[in-house]
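# Survey of secondary and tertiary structure
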Amino acid sequence: MPLHLEAFAEGLGFPEGPIAISDGSIVFVDILKQTLCRAQASGKVDSVAALGGGPNGAAVGPDGAVYVCNNGGVYTFVDANGGKIPGPRPAGFKGGSIQRVDLATGKFETLYDSFEGAPLMTPDDIVFDRSGGFWFTDMGLQDADGSRTGALYYASTDGRSLVRAARIPTPNGVGLSPDGQTVYVSDTMFGRLWALDIVGPGKVKPGPLPMMPGRVVQTLTGFQYLDSLKVEAGGRICVGTLFTGGITIFDVHGGTEHMAVPDLFTTNMCFGGKDMQDVWITASSSGRILKARWPRHGLKLAFNL
């Protein structure tokens, strides 16, 4: 059944990382405008913090602050298909970071910008577990001359503990299974969804081969990139899908479903509302957040406002 989509917020830059708040508003990042923002149900949008770089993913932590994956400004943006899409890496790019933002004041601090002495490359998406730690992806670097492999990390909110859990070619979306025992990671340029079994804080069971970080849920056919993701209460994984435009729903037992969205850069979504069946979808290249009803219940996040 197709989604009935309504505009929730328009005239944005390149929105990503939506978070549904209990008062009906949506907190999100705008990569193009380098900000953390809040959109009210009335359509009014306010800037919460000017973060610089390229804020790419966001989640509420156990302290009520918003934690942001900042890609460091890895993209320039170009006009295409009537909208804005990410373009080549700008000269002088140095790397990204994890930031903590006070939603009430807009004050922010950098928690992590390196691992074992090397800069983080392009932090992308983030999810908290029930213990208050968080998983995040670093997508690595890709250009016409080659690529640098990205990674999945696990960190504490005090800025003191950062663990690399797995190397993955182009990790983007990250989410946890309803029982908290599996972490899912979308591998953008391969159109592939990985499932990694968690064996401890920041530790995952290795895949069957050295080049496999975990189990393959499924790899999409054709030219489709996978972006950020959220998980349904029943365990399906909903992944923003680029170029075909929409959300691909992966069943862990096999098979996919595709919900079309009129934006080739449908990057992310979030669940909310009293029954967790309201969804907000970032139609990023057209600078919009769209709202719809989802056919199933979304999974409640470990922390929210």
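In what follows, the accompanying structure is described. Just so you know, these numbers come straight off a predicted model, no measurement behind them.

### A short note on the nonpolar core
Core analysis: the biggest nonpolar cluster contains 32 residues, and Leu-36, Phe-134 and Phe-136 have the highest contact counts within it. Top contributing element to this core by residue count: strand S7 (residues 66-70), with four residues. Discounting residues that sit within four places of it in the chain, Leu-36 has contacts with Val-27, Phe-28, Val-29, Ser-47, Val-48, Ala-49, Leu-51, Val-66, Val-101 and Leu-103.

### Some thoughts on the sheet that holds strand S30 (residues 278-283)
Hydrogen bonding along the main chain pairs the strands of a sheet, whether they run parallel or antiparallel. Pairing is antiparallel in the open sheet, where four strands are placed in the order S1-S31-S30-S29. Two strands in the sheet have a free side with no partner beyond their single neighbour: strand S1 (6-9) and strand S29 (266-272). Averaged over all pairs of adjacent strands, the angle between strand axes in this sheet comes to 30°, irrespective of strand direction.

### Quick look at the packing of aromatic side chains
Given two aromatic rings, one states the distance between the centres and the angle between the planes to describe the pair. One pass over the structure, following the stated rule, counts 17 aromatic pairs. Summarising the aromatic geometry, the rings of Phe-115 and Tyr-153 are spaced 5.3 Å apart at their centres and angled 65° between planes, so their arrangement reads as edge-to-face. Of this pair, Phe-115 sits in strand S12 (residues 114-115) while Tyr-153 sits in strand S18 (residues 150-155), and the two are 38 residues apart along the sequence. For the pair shown, Phe-115 and Tyr-153 are each scored as buried. Clustering of aromatic rings is evident, with ring pairs tying together Phe-14, Tyr-75, Phe-77, Phe-223, Tyr-225, Phe-243 and Phe-265.

### Brief notes about unusual backbone geometry
Negative phi is the rule for most residues except glycine; trans is the rule for most peptide bonds. Residue Glu-116 is not a glycine yet carries a positive backbone phi of 50°. Here Glu-116 shows up in the loop between S12 and strand S13 (118-119). Even without being glycine, Met-276 reaches a positive phi, approximately 55°. Tracing the backbone through its elements, the reader meets Met-276 in the loop between S29 and S30. A relative accessible area of 12% places Met-276 in the buried class.

### As for the pattern of salt bridges
Here the structure, examined in full by the defined rule, presents 12 salt bridges. The salt bridge partner of Arg-100 is Asp-63, with a shortest N-O separation of 3.0 Å. With a gap of 37 residues between them, Arg-100 in strand S10 (residues 97-101) and Asp-63 in the loop between strand S6 (55-60) and S7 connect regions that are remote in the sequence. Residues joined in a network through salt bridges with shared partners are Glu-232, Arg-236, Glu-257 and Arg-296.

### Let's talk about the sheet that holds strand S11 (residues 108-112)
A sheet is described by the order of its strands in space; here four strands give the open sequence S6-S7-S10-S11, paired in antiparallel fashion. Of all the strands in the sheet, just S6 and S11 have a single pairing partner and so form its edges. On average, adjacent strands in this sheet sit at an angle of 30° to one another, irrespective of strand direction. As paired strands, S10 and S11 are joined by four bridges and run antiparallel to one another.

### Notes on the pairing of S10
Buried residues dominate S10, accounting for four of its five residues. Relative to S10, S7 runs antiparallel, the two being bridged by five bridges. The partner of Asn-70 across the bridge, within S10, is Ser-97.

### A short note on the side chain of Lys-230
Of note, Lys-230 is situated in strand S25 (residues 225-231). Although Lys-230 lies buried, it forms no salt bridge, and the closest oppositely charged side chain, Asp-125, sits 5.1 Å away as judged by the N-O distance. A distance of 3.1 Å separates the side chain of Lys-230 from the backbone oxygen of Met-269, its partner in a polar contact. Excluding residues that lie within four positions of it along the chain, Lys-230 makes contacts with Pro-18, Arg-236, Ile-237, Cys-238, Asn-268, Met-269, Cys-270 and Phe-271.

### Overview of the pairing of strand S22 (residues 192-200)
With six bridges joining them, strand S21 (residues 182-187) and S22 adopt antiparallel strand pairing. Bridged to Ser-186 within S22 is Leu-193. Hairpin connection between S21 and S22: a loop of four residues separates the two successive antiparallel strands, and Gly-191 in this loop has a positive phi of roughly 60°. Pairing of S22 with strand S24 (residues 215-219) involves four bridges; the strand directions are antiparallel. When the sheet's bridge partners are listed, Leu-193 is paired in S24 with Gln-218. Pairing geometry for S22 and strand S23 (residues 203-204), over two bridges, is antiparallel. From the neighbouring strand, Ile-198 faces S23, where its bridge partner is Val-204. Remark: two residues form the turn of the hairpin made by S22 and S23, two consecutive strands paired antiparallel; Gly-202 in that turn has positive phi of roughly 75°.

About the criteria used
- Residues numbered from 1 in each chain as written.
- Predicted model: local features only at pLDDT ≥ 70, side-chain atom pairs only at ≥ 80, totals over all residues.
- Heavy atoms only, no water.
- Core = buried A, V, L, I, M, F, W, Y, C linked by side-chain atoms within 4.5 Å.
- Buried < 20%, exposed > 50% of the residue type's maximum accessible area, 1.4 Å probe, protein only.
- Helix = DSSP H or I, 4+ residues; strand = E, 2+ residues; numbered from the N terminus.
- Contact = heavy atoms within 4.5 Å.
- Pairing = 2+ DSSP bridges.
- Axes fitted to C-alpha atoms, helices over the stretch in contact; angles between N-to-C directions.
- Phe/Tyr/Trp six-rings, centres within 6.5 Å; stacked < 30°, edge-to-face > 60°.
- Salt bridge = Lys/Arg side-chain N within 4 Å of Asp/Glu carboxyl O.
- Lys, Arg positive; Asp, Glu negative; His and termini not counted.
- Polar contact = N/O pair within 3.5 Å; in protein donor to acceptor, adjacent residues only side chain to side chain.

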